[in-house]
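Coordinates in review
The lines below spell out each chain.
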Amino acid sequence: MRQIRNTSDVLRRVQFAALGPNLRPGDQLRYRAAAPVPAVRLETTGALARARRHAIPSTFWPAWTARLLPRQERYPAVRGPALAASLLLAGTRLTHAEAARLLGDVISHWTVTTTLQRLHATPQWSDICTALTALAGHLDTQPAVIDYERRRHLDYTSLLPDAEWEDIRLRTERADHVQMSRRLAPYARHVLFTRLSGLPFTRTPFSRSRNDRNFKNGLAAFITALTPELAAELTRVAEEFLARHQIRDEPTVWQPPAKILDGLDLPGLDLASLDLDEIHKLVRTDGASAAAIARRSGTTSDAIRALLLDHPAPADPASGARRRRARYTISREQLWDLHHGQRLSFAEIGQRTGYSRTAITDLARVYEIPMSIYRDGKQLKAPADVEG
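Because the structure is a prediction, the values reported are computed rather than measured. (Residues numbered from 1 in each chain as written. Predicted model: local features only at pLDDT ≥ 70, side-chain atom pairs only at ≥ 80, totals over all residues. Heavy atoms only, no water.)

Throughout the structure, instances matching the rule amount to one cavity of 30 Å³ or more. Estimates place the volume of the largest cavity at around 30 Å³. In terms of lining residues, the largest cavity is bounded by Ser58, Pro81, Ala85, Ala100, Leu103, Val106 and Ile107. Looking at the lining of the largest cavity residue by residue, the classes come out as six nonpolar, one polar and no charged. (1 Å grid on protein atoms, 1.4 Å probe; cavity = no way out; pocket = protein on both sides within 12 Å on 5 of 7 lines; lining within 4 Å. Points joined across faces, edges and corners; volume = space filled by probe spheres on them. Nonpolar A, V, L, I, M, F, W, Y, C, P; charged D, E, K, R; others polar.)

Take a look at the structure:
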């Protein structure tokens, strides 16, 4: 930026109008090149970024991630945190590494750099930059609704003990008329942790292996199977957990107002534009996975799961009855042998046992059996989730 030093602020702004689009993407954010009035003099003490980090979750907000990233982005789990770190650049001299560090070091500085470069290469970069700059400004002028910096440092080891989950399970079974496994407690804990802390799945303090593929797939299935009744129970647990840590003035979850993005041409999908009734039907009646719904909708599985966390599909009593009948005749060991031993698809198992594919899929969720794609006895895809 030597070419605009030692000049008046007025001249700096004139020069920015010409030079801004040619700056590196991180510098365009630093100097607020997309704002009506660029930040021609950057804050050097770091106080602005340290204050702003309290208002930013380490993983970014799912609905914003879905809007700012290109549709069907392959790596939203790392691109989201990179967007979060990039918010700290606006108006500051922070490096990418310093920005990542302030939000818990959940990603590397290289991920921040490559994410901004990928977005810079899209036709919508100017509007993406405008969105991030406007969001940073909004967070600077409004009190933080959630203090994410405090949330990042809470002790979550006592979150949702097994005994409390057992009470929830029994109450929800009576309300939803569906059967839930005792083994689902770890999934419920992980959902609560990520939503409360704003940290990624990999930072959970729980004993289950964070790199266990089957566990991740089971977690995905748990989210698509979530019902409003169970979601309400988990919200209550979250509120009580916060109260035990003397946090009574914050909602459990929050996201910035979508109106900040009004009028912008962004590469991702506005989740509010999706037909929730249709998605609920796909989940409950058709047994569709988040991945399948994402392919139909032109977004990512992460985005669909985030939507279902906020707006879970009501339970299907008929599906629950089918699953209960199936459990009388098909044990977990039998279903595992049919699927992974004999390499039958869920549809083939349904034909053999007299149940629908959806009923078998639901039963596999309860039994926590990972799904593989088999055709003619050959494995086409390694064990994936049981969402179908």
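A few words on unusual backbone geometry. Backbone geometry at Asp105 places phi at a positive 55°, although glycine is not the residue there. With respect to the helices and strands, Asp105 occurs in the loop between α6 (96-102) and α7 (109-120). Look at Leu160: it is not a glycine, yet its phi comes out positive at around 50°. One can find Leu160 in the loop between α9 (148-152) and α10 (162-176). (Helix = DSSP H or I, 4+ residues; strand = E, 2+ residues; numbered from the N terminus.)

In terms of nonpolar packing, the biggest core is built from 40 residues, with Phe60, Leu68 and Leu87 touching the most fellow members. If you tally residues by element for this core, the top one is helix α8 (residues 125-141), at eight residues. When residues no more than four places from it in sequence are discounted, the contact partners of Leu87 are Arg52, Ile56, Phe60, Trp61, Leu132, Leu135, Ala136 and Leu139. Grouped together as the second largest cluster of nonpolar side chains are 31 residues, Ile168, Leu184, Tyr187 and Leu219 included. (Core = buried A, V, L, I, M, F, W, Y, C linked by side-chain atoms within 4.5 Å. Buried < 20%, exposed > 50% of the residue type's maximum accessible area, 1.4 Å probe, protein only. Contact = heavy atoms within 4.5 Å.)

As a further point, take the confidence of the model for the protein. Per-residue confidence for the protein gives a mean pLDDT of 84; residues scoring 70 or more make up 81%. When pLDDT is averaged over each helix and strand of the protein, the minimum, 54, is found for strand β2 (residues 378-384) and the maximum, 98, for α9. Every residue in residues 383-388 is under pLDDT 50, and counting partners more than four places away or in other chains gives 35 contacts. (pLDDT = per-residue confidence, 0-100.)

A few words on the pattern of salt bridges. This structure, assessed with the given rule, holds 16 salt bridges. The salt bridge involving Asp140 is made with Arg32; its shortest N-O contact spans 3.6 Å. Residue Asp140 is located in helix α8, and its partner Arg32 is located in the loop between α2 (25-30) and α3 (47-52); the two are separated by 108 residues in the primary sequence. Beyond isolated ion pairs, a larger network of salt bridges with shared partners links Arg171, Glu233, Arg236 and Glu240. (Salt bridge = Lys/Arg side-chain N within 4 Å of Asp/Glu carboxyl O.)

What follows deals with the packing of aromatic side chains. Within this structure, the stated rule accounts for ten aromatic pairs. Ring centres 6.2 Å apart and planes at 80° place the aromatic pair Phe193 and Phe206 in the edge-to-face group. Of the two residues, Phe193 is situated in helix α11 (residues 185-197) and Phe206 in the loop between α11 and α12 (213-225); the sequence distance between them amounts to 13 residues. For the pair Phe193 and Phe206, one class covers both residues: buried. Pairwise contacts between aromatic rings join Trp165, Tyr187, Phe201, Phe215 and Phe222 into one cluster. (Phe/Tyr/Trp six-rings, centres within 6.5 Å; stacked < 30°, edge-to-face > 60°.)

The geometry of helix α15 (residues 290-297) relative to helix α16 (residues 301-310) is characterised by a closest axis approach of 8 Å and an angle of 110° between their N-to-C directions. If you check the angle between α15 and α16, you find them roughly perpendicular. Here Ala290, Ala291, Ile293, Ala294 and Ser297 of α15 come into contact with α16, specifically with Ser301, Ile304 and Arg305. (Axes fitted to C-alpha atoms, helices over the stretch in contact; angles between N-to-C directions. Parallel < 35°, antiparallel > 145°, perpendicular 65-115°, else oblique.)

A few words on the side chain of Glu233. Along the chain, Glu233 turns up in helix α13 (residues 228-244). According to the relative accessible area criterion, Glu233 is buried, its value standing at 15%. Among residues more than four places away in sequence, those in contact with Glu233 are Ile168, Arg171 and Thr172.

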